[in-house]
Amino acid sequence: MPTILVIDDNPAVATALEVLFSLHDLDTQHAPSPAAGLALLDAEDVDLVVQDMNFSADTTSGDEGRELFAAIRARHPDLPVILLTAWTHLESAVELIKAGAADYVAKPWQDAKLLATVNNLLELAEARRELDQRRDGERRRRDDLARRYDLRGAVFADPASERVVALACQVARSELPVLVTGPNGSGKEKIAEIIQANSAVREGPFVTVNCGALPAELIEAELFGAEAGAYTGANKAREGKFEAADGGTLFLDEIGNLPPAGQMKLLRVLETGRFARLGSNRERQVKVRVVSATNADLPAMIREGTFREDLYYRLNTLELAMPPLAERPGDILPLAERFGAGGPPLSAAAASALQRHPWPGNVRELRNVIQRAQLLAAGPRIEVADLGLPKTAPVRQAPAREPEREQIEAALERAGGVIAQAAGELGMSRQALYRRMERHGLKAS
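Definitions and limits used
- Residue numbers here run from 1 along each chain, matching the order of that chain's written sequence.
- In keeping with the predicted nature of the model, local features appear solely for residues at pLDDT of at least 70, side-chain atom pairs appear and are counted solely at 80 or more, and the whole-chain, interface and lining totals rest on all residues.
- Calculation of side-chain values draws on the structure's entire complement of heavy atoms; hydrogens and water are dropped beforehand.
- For helices the rule is a DSSP run of H or I covering at least 4 residues; for strands it is a run of E covering at least 2, with both sets numbered from the N terminus onward.
- The cut-offs for exposure are 20% and 50% of the maximum accessible area for each residue type, with area from a 1.4 Å probe on protein chains only; residues under the lower value are buried, those over the upper are exposed, and the others partly exposed.
- When checking whether two residues touch, look at their non-hydrogen atoms; a contact exists if any pair is within 4.5 Å.
- Values of accessible area rely on a 1.4 Å probe in the Shrake-Rupley scheme; residue burial ignores everything except the protein chains shown.
- Charge convention: Lys and Arg are scored as positive, Asp and Glu as negative, and His as well as the terminal groups of each chain are ignored.
- For charged residues, the charge sits on one atom: NZ in Lys, CZ in Arg, CG in Asp, CD in Glu.
- Here the axes come from fitting lines to C-alpha atoms, over the contacting stretch only for helices, and the angles between their N-to-C directions go from 0 to 180 degrees.
- Convention used here: angles under 35 degrees read as roughly parallel, angles over 145 as roughly antiparallel, angles from 65 to 115 as roughly perpendicular, and any remaining angle as oblique.
- In this scheme, a crossing is called left-handed if the near helix is turned counterclockwise away from the far one by less than a right angle; it is called right-handed if the turn is clockwise.
- Just so you know the grouping, Ala, Val, Leu, Ile, Met, Phe, Trp, Tyr, Cys and Pro go in nonpolar, Asp, Glu, Lys and Arg go in charged, and all remaining residues, Gly too, go in polar.
- Two strands qualify as a pair provided that DSSP identifies no fewer than 2 bridges between them.
- One less than the residue count of a helix, multiplied by 1.5 Å, gives the span that helix is expected to have.
- Pairing of aromatic side chains requires ring centres within 6.5 Å, counting the rings of Phe and Tyr and the six-membered ring of Trp. Pairs whose planes differ by under 30 degrees are stacked, by over 60 edge-to-face, and all others tilted.

(A) Summary view of the overall build of the chain. For the chain, the count of helices and strands is 19 helices and twelve strands. In terms of principal-axis extent, the alpha carbons of the chain reach across some 105 × 55 × 45 Å. Per-residue burial over the chain gives 43% buried out of 445 residues. Long-range pairs, those at least 24 residues apart, make up 67% of the contacts in the chain with a sequence separation of at least 6. When the accessible surface of the chain is split by element, carbon and sulfur atoms take 50% of a total near 23,400 Å². The averaged location of the 63 negative side-chain charges in the chain is 8 Å from the averaged location of its 53 positive side-chain charges.

So this is what it looks like as structure tokens:
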């Protein structure tokens with residue numbers, strides 16, 4: 001049962017509020033003075049405070065109320081406070097609202113309005129507590145990952161990226177091939193580094209090949225090596241990446257660009273660990289953990305006949321899908337702070353602009369934006385203009401469909417009766433949800 005603390009020197013006011021709240025399953029504590037109220041706050045758990053603005057006889061300035069509010073806010077910054085005020089003190093109450101008070105109610109109050117305000121604030125506080133608990137849990141999981149594994153300096157705070165990192169750590173000890181999928185610039189190579197750093201071959205070499213950066217006729221020589229004279233310009237024998245990665249990890253980026261002949265040879269290496277250099281009949285044996293990555297739709301390429309189906313299933317024995325940065329909003333500001341370390345900090349407006357941007361270039365685009373902004377910033381902070389983000393027209397949204405009674409009931413049930421949470425799921429404000437509940441004859445539980 002939620003507990004409300006009433007701080008008022010008038011016993012009649014305290015009694016009236018106690019009766020009103022008790023009729024609606026709300027526990028009430030009473031303190032007749034600011035000192036008693038602060039002492040009770042230190043001793044007990046309280047969900048909401050209703051405080052008067054004046055406590056001494058013949059005092060109408062509201063100064064005592066302002067001092068009490070400041071003391072409550074200093075000790076309990078997230079505790080909702082409702083101010084009880086006469087109309088002569090309305091200006092003072094408005095000033096305290098701007099300073100962080102939750103609301104004010106004029107004397108004599110209307111029971112229905114006061115109850116609606118109290119219930120809304122209690123629901124909001126409950127939703128905030130749940131959010132804080134979820135964030136604390138996410139932070140503990142990230143800290144646990146950092147203690148148990150070598151994360152190679154990865155920066156992440158969003159649950160979506162945390163899941164991928166946790167999976168990378170989990171599969172790292174296996175010798176099976178791993179396929180990391182995701183758009184360009186999303187951080188696939190960092191996931192490959194984490195797999196290598198926590199694998200059984202972490203002491204071995206980590207060799208990277210970008211299959212999309214090499215001409216098709218040179219990819220096989222790059223991967224498997226070549227004997228002298230194997231192709232035009234091959235004046236001497238060269239070691240391939242598989243040989244260089246022996247006893248370690250080979251990271252094949254942009255694997256979708258591998259030509260058909262290279263795909264066949266790669267499949268054989270994955271199955272047997274054996275291959276031959278271009279221009280040679282002598283087979284070589286290697287032991288290499290293969291991690292590949294692509295931004296391509298490999299199943300579509302299989303249907304088109306440009307990628308081998310048997311190789312695909314060999315590569316993605318374990319698949320990790322890295323979401324684009326737009327789907328990991330919790331990562332944007334931590335990454336921006338990492339890229340801007342040592343430079344001017346972001347202003348609040350600039351941070352907000354970063355979170356609104358769709359980031360088609362993902363993490364790579366964010367790094368470039370921050371580095372450019374550091375060079376352009378003329379003041380002590382990076383401002384919106386320094387970011388150089390393109391101005392985008394607002395997206396016109398189709399009008400929201402009016403939720404049916406069954407949808408509202410289902411949302412309330414999933415939210416455990418928490419109006420704020422159910423309203424968020426339905427995409428409306430608490431007040432709008434209350435109006436629709438009243439229209440359908442639904443009562444808040």
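(B) Geometry of unusual backbone geometry. With a phi angle near 55°, Glu254 is a residue other than glycine that sits in the positive phi range. Classification of Glu254 as buried rests on a relative accessible area of 12%.

(C) View of the packing of helix 13 (residues 332-339) against helix 15 (residues 362-376). Contact geometry of helix 13 with helix 15 gives a least axis separation of 9 Å together with a crossing angle of 50°. The angle between helix 13 and helix 15 falls in the class oblique. The handedness of the crossing between helix 13 and helix 15 comes out as right-handed. Contacts from Ile332, Leu335, Ala336 and Phe339 in helix 13 reach Val363, Leu366, Arg367, Ile370 and Gln374 in helix 15. Of the residues belonging to the contact of helix 13 with helix 15, the class tally is seven nonpolar, one polar and one charged.

(D) Region of interest: the sheet that holds strand 2 (residues 27-31). Taking strand neighbours across the sheet as the criterion, the five strands line up as 2-1-3-4-5 in an open arrangement whose pairing is parallel. Since the sheet does not close on itself, it has two edges, and those belong to strand 2 and strand 5 (103-106), each with one partner. Direction aside, the axes of adjacent strands within the sheet are offset by 20° on average. The pairing of strand 1 (residues 3-7) with strand 2 spans five bridges and is parallel. Opposite Ile7, over in strand 2, you have Ala31 as the bridge partner. In this fold helix 2 (residues 34-43) packs onto strand 1, strand 2 and strand 3 (48-52), with an angle of close to 160° to the strand it touches most, strand 1. Sheet contacts for helix 3 (residues 63-75): strand 1, strand 3 and strand 4 (81-85); angle to strand 3, the most-contacted strand, approximately 160°.

(E) Looking closely at helix 15. Counted at 1.5 Å a residue, the expected span for helix 15 with its 15 residues is 21 Å, and the 21 Å between its end C-alpha atoms agrees. Contacts made by the buried residues of helix 15 are with helix 13, helix 14 (348-356) and helix 16 (384-387).

(F) Structural context of the sheet that holds strand 8 (residues 249-253). Pairing is parallel across the open sheet formed by five strands, whose spatial order is 7-8-11-6-12. Two strands in the sheet have a free side with no partner beyond their single neighbour: strand 7 (206-210) and strand 12 (318-321). Neighbour to neighbour, the strand axes of the sheet diverge by 20° on average, direction disregarded. As judged from the five bridges shared by strand 7 and strand 8, these two strands associate in the parallel manner. Of the residues in strand 8, the one forming a bridge with Val209 is Leu252.

(G) How the structure looks around the environment of Asp63. Tracing the backbone through its elements, the reader meets Asp63 in helix 3. Relative accessible area serves as the criterion here: at 37%, Asp63 is assigned to the partly exposed category. Between the alpha carbons of Asp63 and Arg129 there is a distance of 31 Å; along the sequence they are 66 residues apart.

(H) Local environment of the packing of aromatic side chains. All told, the structure shown has five aromatic pairs when counted by the stated rule. Aromatic side chains Phe224 and Phe242 sit 5.6 Å apart centroid to centroid with 10° between the ring planes, which places their arrangement in the stacked category. Highlighted residues: Phe224 in helix 8 (residues 216-224) and Phe242 in helix 9 (residues 241-244), separated in sequence by 18 residues. Judged on exposure class, the residue Phe224 and its partner Phe242 are both buried. Aromatic side chains Tyr312 and Tyr313 sit 5.2 Å apart centroid to centroid with 65° between the ring planes, which places their arrangement in the edge-to-face category. Among the residues examined, Tyr312 registers a relative accessible area of 11% and is labelled buried. Among the aromatic residues, those joined into a cluster by ring pairs are Phe224, Phe242 and Phe275.

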